[in-house]
Structures are given as structure tokens and as C-alpha cells.
Amino acid sequence: MSTVPSLAAVADPVPRYVDGAAMDYFVIEMVNTLRASSAVATNRAKKVEQDMVDAGLMPPPAPVPPALKKDKVRDSVGSNASRSSLSKDGQEGEEEELRARLEAIGMHVGANMAERLCHDRGLFTDTLDAIKFICKDLWNACWEKQVDNLRTNHRGVYVLQDNQFKPLTRVSGWEGRADSLRKSKIYVAMPAGIIRGALARLGFQAVVVPEVTNVPQCTFQVKLPKGT
């Protein structure tokens, strides 16, 4: 007896389900893993650059102007302000790299989700219909609810607001509200990529900018080019 599945079974496989909390825990671990990976990649790039400088293959970085050095020394007298500033700059750079990698993963996921959800649909010819698909079908498939509010200026800019955005419901910071907001910017990078990837698969190249001002509320500003 043949065990080769039929063409219909391959084209429309039986869905498999996992516990909703498992995905939340997976995202948490993924963020921690990518953060460590980004730090390793950044250190490796710095080491390669320094090796090239030592070998004379590229010029050394420009020296810090004397005036800037004096300002740093003055700021650091009796405090660790300059050291803290440098640490924050380095941390911000690593988090920017982390957000970029999360958004890239989200784009891949969003494209596949859109293809799956549009299996029996026709092509979207209107941008508003595509945005409504994101607000209803995609949002419900990814985050088990629909968008709470959709606004547009009718010139290619759409604002999607979720008052209880699921990826942010478990985000908290022991240093207070500012720490929670900083962490939230990381956890909305992948959802922004999902929206962007889904729209790209539908034929719309968009710029998606997430904004978090009050956890767990989140807004996504979707900018589509004129004429689409």
C-alpha cells in the first residue's frame, strides 16, 4: 500500500495546533538568543576591523577631537556620566541590530501567513482592502483578536491600534516604566516585520513603524507609496 500523500493533502495539509502560551515563551527565548548572537556578531566585526587596521589594510578610526575629550572629562568629574553614556550608546547599537534581525524573521513569517490565509482569495486591488485583511484576518491568526482602531489620512498612511497587544502583555521592567517601554520596542519589531512581510506578499511594499507609549497598547503606522 502506497504511503505517498495525495496532491490535495499536500496542497492543503491538516493544521497542527500548539498551546498559545508556548509561542510567547518561544519569542522570549528567541529574543534572548538573538541578543547574544548579535553581541557576538558585533564583537567579531570589531575584531576583524581592528585586525585590518593593525595589518595596515585600512586607516585607523578618526581620533576624538580635543574639545570633545575635555567635555567628557568635565562631565565625568565626580560621576560616571560619560561612561554611562558610552555604555548606553553601545547598548542602543546592539538593540538596533537585534530589532533588525527580529523584523527580518517577522517578514518571513508574515509572508507565509498571508499566503496561507489568502489560499482561497482573489488578488487585492485596493490598499484599504489589504489593510482590512491585516487588521482582521492576519491579526486574528497571529494574536487572537482584531485591531481595536484603524485610522487613515486617505493619502497612503494607516494607523493600526491595539489596546491590548498580546506580545506586550507579559513585558515588564524592574527599573520602572521607562525600562518597560525600552523592552517593548524590541518585542514589537517582529510583529512589524510580520505586517510588512504580509503586505509584501500581497503586492504592497510598505514601511511599518511601531510605537509604544503605554504598555500593552501599541500602534503601527503603515506607509504605502502613492499610487498603490
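Let us look at the structure shown here.

Parameters at a glance
Residues numbered from 1 in each chain as written. Predicted model: local features only at pLDDT ≥ 70, side-chain atom pairs only at ≥ 80, totals over all residues. Heavy atoms only, no water. Helix = DSSP H or I, 4+ residues; strand = E, 2+ residues; numbered from the N terminus. Buried < 20%, exposed > 50% of the residue type's maximum accessible area, 1.4 Å probe, protein only. Areas by Shrake-Rupley, 256 points an atom, 1.4 Å probe, with all protein chains shown as cover. Core = buried A, V, L, I, M, F, W, Y, C linked by side-chain atoms within 4.5 Å. Patch = residues over 30% accessible without salt bridge, like charges linked within 9 Å, V, L, I, M, F, W, Y side chains within 5 Å. Salt bridge = Lys/Arg side-chain N within 4 Å of Asp/Glu carboxyl O. 1 Å grid on protein atoms, 1.4 Å probe; cavity = no way out; pocket = protein on both sides within 12 Å on 5 of 7 lines; lining within 4 Å. Points joined across faces, edges and corners; volume = space filled by probe spheres on them. Nonpolar A, V, L, I, M, F, W, Y, C, P; charged D, E, K, R; others polar. Pairing = 2+ DSSP bridges. Axes fitted to C-alpha atoms, helices over the stretch in contact; angles between N-to-C directions.

Helix and strand content of the protein chain: seven helices and four strands. Secondary structure elements in the protein chain, listed N-terminal to C-terminal, are α-α-α-α-α-β-β-α-α-β-β. When the 228 residues of the protein chain are sorted by exposure, 29% land in the buried category. A total accessible area of about 15,000 Å² is found for the protein chain, and carbon and sulfur atoms account for 56% of it.

Counting residues in hydrophobic clusters, the biggest one holds 42 residues, and the most contacted among them are L102, I134, W139, L160, L199, F220 and V222. Secondary structure elements with two or more residues in this core: α2 (20–54), α4 (81–117), α5 (127–143), β2 (157–162), α6 (177–187), α7 (189–201), β3 (207–214) and β4 (217–223). The element that contributes the greatest number of residues to this core is α5, accounting for eight residues.

What follows deals with a nonpolar patch on the surface. Taken together, V48, M52 and L57 make up a surface patch of nonpolar side chains, about 270 Å² in accessible area. In this fold, M52 is placed in helix α2. Overall, the relative accessible area of 31% leaves M52 in the partly exposed class.

Another point: unusual backbone geometry. Peptide bonds are, in most cases, trans, and in most cases residues other than glycine have a negative phi. The amide bond that connects V215 to the next residue, P216, takes the cis arrangement and shows omega of 5°. With respect to the element layout, P216 can be found in the loop between β3 and β4. Even without glycine at this site, E144 takes up a positive phi of about 60°. Within the fold, E144 resides in the loop between α5 and β1 (149–152). Residue classification places E144 among the exposed residues on the basis of a relative accessible area of 54%.

Once that is clear, we can look at the layout of surface pockets. The volume enclosed by the largest pocket comes to roughly 1,000 Å³. Around the largest pocket, the lining comprises 29 residues; the ones closest to its centre are V18, M23, M113, A141 and C142. For the lining of the largest pocket, the secondary structure elements donating two or more residues are α2, α4, α5, α6 and α7. Per-element accounting of the lining of the largest pocket gives the leading share, five residues, to α2. Residue composition of the lining of the largest pocket, by class: 19 nonpolar, two polar and eight charged. Put simply, the second largest pocket is a space of about 210 Å³. Lining the second largest pocket we find E96, R99, A100, E103, K185, V188, A189, A192, V208, P210, E211 and V212. Among the residues forming the lining of the second largest pocket, the class breakdown is seven nonpolar, no polar and five charged.

Let's shift gears to the sheet that holds β1. With antiparallel pairing, the four strands of this open sheet are ordered in space as β1-β2-β4-β3. Each edge of the open sheet is held by one strand with a lone partner, namely β1 and β3. Mean inter-strand twist for the sheet, computed between neighbouring axes without regard to direction, equals 20°. Here six bridges tie β2 to β4, and the two strands are oriented antiparallel to one another.

A side chain with one charge can pair with a side chain of the opposite charge if their charged atoms come near. By the definition in use, this model includes 12 salt bridges. Residue K47 is joined to D51 by a salt bridge in which the shortest nitrogen-to-oxygen separation is 3.2 Å. Highlighted residues: K47 and D51, both in helix α2, separated by four residues, approximately one helical turn. Residue D51 is classed as partly exposed on the basis of its relative accessible area of 38%. Two residues, D137 and R121, come together in a salt bridge whose shortest N-O distance is 2.7 Å. Taken as a pair, D137 in helix α5 and R121 in the loop between α4 and α5 lie far apart in primary sequence, 16 residues in all. Of the residues examined, D137 reaches a relative accessible area of 29% and is grouped as partly exposed. By relative accessible area, which is 40% here, R121 ends up partly exposed. Here the residues in one salt-bridge network are E95, E96, R99, D179, R182 and K183, joined through shared partners.

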